[in-house]
Structures are given as structure tokens and as C-alpha cells.
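Observations on chain architecture
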Amino acid sequence: MLSVWERGIKVSYIKILFIFSVIAAGAMAGIKKGNVIIHQYQELIYLKKTVLLIHGEIRYNLGTVGEVFLNVSKRVKEPYSKAFKELSEELENHNGREFPHMWNTYMVEAVSGLGLSEQDVERFKELGENIGYLDIQMQLNYLDFYIEKLNDRISDVKAGLDGNVKLCRTLGIMGGLLAAIFLL
């Protein structure tokens, strides 16, 4: 049978382990949220690269829209690659659906799960509503406009990136400490 002294030490070890676990959980939550912000920034950069590829293909390829998207699909990562390939196939099949509807079906669904903000996804949706039916010069002008807006968004995210990531991580640690104190 354990003496009162031995039981007290055992309980103290359990409390200390519990406190460190709560603090670690808070810290991990803060780190995860900081990583989400970093991931969003990286996805915006990749989205810009993808749109620049579309711009280049439209300007220099002079093929059909389906060929443009097929060529882009070969040069981008998933889920963009699959979405561009499926969009290209549907465009080549001439099934009668309007381009914005096809864009939303494949492209908007692909970017929706990448951690971009709702505003970013909505702007990407607007891109599809404006490039599918215009002449080449108007498509290029709209892509230039979209790239300019995307650059502004990337600059805004980058300006707050370090501070927001540090804030998330600090709040996670502090939240874990506060929770540990309250649970004592």
C-alpha cells in the first residue's frame, strides 16, 4: 500500500504531465494555424503561376481553348492538372454547356479545397466567367487585370505573413498556458 507521501508524488507527476500536455496542445494549435496562413500564401503564388501559364498559352499558342488548357494541365501540379485536363476534354467534346459552368465544375471545385479564402475563390470564379467567350485580346486584358489583382492580394498577405504567423503561434502557446492554469 502506498503512503500518503508516495501518492502525493504520483499525483504531482500526473499533474505536471497534464500541464505540459495542455501547453503542448495549445502550442500545436497555434503552429497549425500559422502553417495554414503560410500555405494560403504559397497557394496564391502557385495560382498566379498557373494564371501566367494560361496567359502565355493564349498569347503564343493560338490554339483552341481546349488545347490551351490541355497544355497548361501538363505543366501544373494536382489538383490543377486534373481539373484543366477534364475542362479541356469537356471543351473538345462540345457538349453545349457554357464555359463559365464548366469552369465552375472543374476549376473552382479544384481550388476550393486548397485553403484559399472565399474572396480568392470568388475572384477565380469570376476569371472563368470572363475568359471563356471573349476574343483573344480581351482575354489577355482580363488575365492581366486578374494578375494585377492577384499581385495586390499576394502583397497584402505577404505584408502580414510574419506578424500573423508569429501571433498565431504565440496565442497558441499562451492559450495552452492559460488553459493549464485554469485546469489546475
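The sections below set out a description of the structure shown in this document. Just so it is clear, the model here is predicted, and its values are computed rather than measured.

Check the secondary structure of the chain and you find six helices and zero strands. Starting at the N terminus and walking to the C terminus, you meet the elements of the chain as α-α-α-α-α-α. In terms of C-alpha radius of gyration, the chain reaches 25 Å, well past the compact-globule figure of 16 Å for 184 residues. Projecting the C-alpha coordinates of the chain onto the three principal axes gives extents of approximately 85 × 35 × 25 Å. Across the 184 residues of the chain, 36% fall into the buried class. When the accessible surface of the chain is totalled, it reaches about 11,200 Å², and 61% of it is carbon and sulfur. Charge-centre separation for the chain: the mean point of 21 positive side chains lies 13 Å from the mean point of 22 negative side chains.

Here the focus is a negative patch on the surface. Taken together, Asp 144, Glu 148, Asp 152 and Asp 156 make up a surface patch of like negative charges. The exposure class of Glu 148 is partly exposed, given its relative accessible area of 48%.

In this structure, Pro 79 follows Glu 78 across a cis peptide bond, with omega equal to 5 degrees. Here Pro 79 is to be found in the loop between helix H2 (65–73) and helix H3 (80–93).

Compared with an ideal rise of 1.5 Å per residue, which puts 14 residues at 20 Å, H3 spans 20 Å between its outermost C-alpha atoms and is within 8% of the ideal. Considered for burial, the residues of H3 that qualify are Tyr 80, Ser 81, Ala 83, Phe 84, Leu 87, Ser 88, Glu 90 and Leu 91. One or two steps after H3, the chain reaches His 94, where phi turns positive at roughly 50 degrees.

A few words on the pattern of salt bridges. Applying the stated criterion to the full structure yields three salt bridges. In this structure, Arg 75 and Glu 57 form a salt bridge, with 3.4 Å as the shortest nitrogen-oxygen distance. A residue pair is termed long-range when its members are at least 10 positions apart, and Arg 75 in the loop between H2 and H3 and Glu 57 in helix H1 (residues 4–61) qualify at 18 residues. By relative accessible area, Arg 75 is classed as partly exposed at 48%. Ionic pairing is found between Asp 120 and Arg 153, a salt bridge with its closest N-O pair at 2.8 Å.

The interhelical angle for the contact between H3 and helix H4 (residues 99–112), taken along N-to-C directions, is 165 degrees, at an axis separation of 8 Å. Between H3 and H4, the crossing angle belongs to the class labelled roughly antiparallel. The two elements H3 and H4 cross, and the hand of that crossing is right-handed. Contacts from Tyr 80, Ala 83, Phe 84, Glu 86, Leu 87, Glu 90 and Leu 91 of H3 reach H4 at Phe 99, Met 102, Trp 103, Tyr 106, Met 107, Ala 110 and Val 111. Class assignment of the residues belonging to the contact of H3 with H4 gives a composition of twelve nonpolar, no polar and two charged.

What counts and how
Residue positions are counted from 1 within each chain, in the order its sequence is given. Where local features are concerned, this predicted model is filtered to residues with pLDDT of at least 70; where side-chain atom pairs are given and counted, the filter is 80 or more; whole-chain, interface and lining totals use all residues. No hydrogens and no water enter the side-chain calculation; it runs on all heavy atoms of the structure. By definition, any uninterrupted DSSP run of H or I lasting at least four residues is a helix, any uninterrupted run of E lasting at least two residues is a strand, and each is numbered from the N terminus. The quantity called the radius of gyration is restricted to C-alpha atoms. Its globule counterpart is 2.2 Å times the number of residues to the power 0.38. Think of it in three bands: residues with accessible area under 20% of the maximum for their type are buried, residues over 50% are exposed, and the middle band is partly exposed, with areas taken using a 1.4 Å probe on protein chains only. Only the protein chains shown count as cover for residues, and all accessible areas are computed by the Shrake-Rupley method using a 1.4 Å probe. Neither His nor the chain termini are counted; the positive set is Lys and Arg, and the negative set is Asp and Glu. Taken as the charge centre is NZ of Lys, CZ of Arg, CG of Asp or CD of Glu, depending on the residue. To count toward a patch, a residue needs a relative accessible area over 30% and no salt bridge; like charges are then connected within 9 Å, while nonpolar side chains (Val, Leu, Ile, Met, Phe, Trp, Tyr) are connected within 5 Å. A pairing counts as a salt bridge when a side-chain nitrogen of Lys or Arg comes within 4 Å of a carboxyl oxygen of Asp or Glu. In this analysis, the expected span of each helix is defined as 1.5 Å times one less than the number of residues it contains. Axis definition: a line fitted to C-alpha atoms, over the contacting stretch in the case of helices. Angles run 0 to 180 degrees between N-to-C directions. Note on terminology: angles under 35 degrees are roughly parallel, angles over 145 are roughly antiparallel, angles of 65 to 115 are roughly perpendicular, and the others are oblique. A crossing counts as left-handed when the near helix is turned anticlockwise from the far one by less than a right angle, and as right-handed when that turn is clockwise. Any two residues having at least one pair of non-hydrogen atoms within 4.5 Å are treated as being in contact. For this classification, the nonpolar set comprises Ala, Val, Leu, Ile, Met, Phe, Trp, Tyr, Cys and Pro, the charged set comprises Asp, Glu, Lys and Arg, and every other residue, Gly included, is treated as polar.

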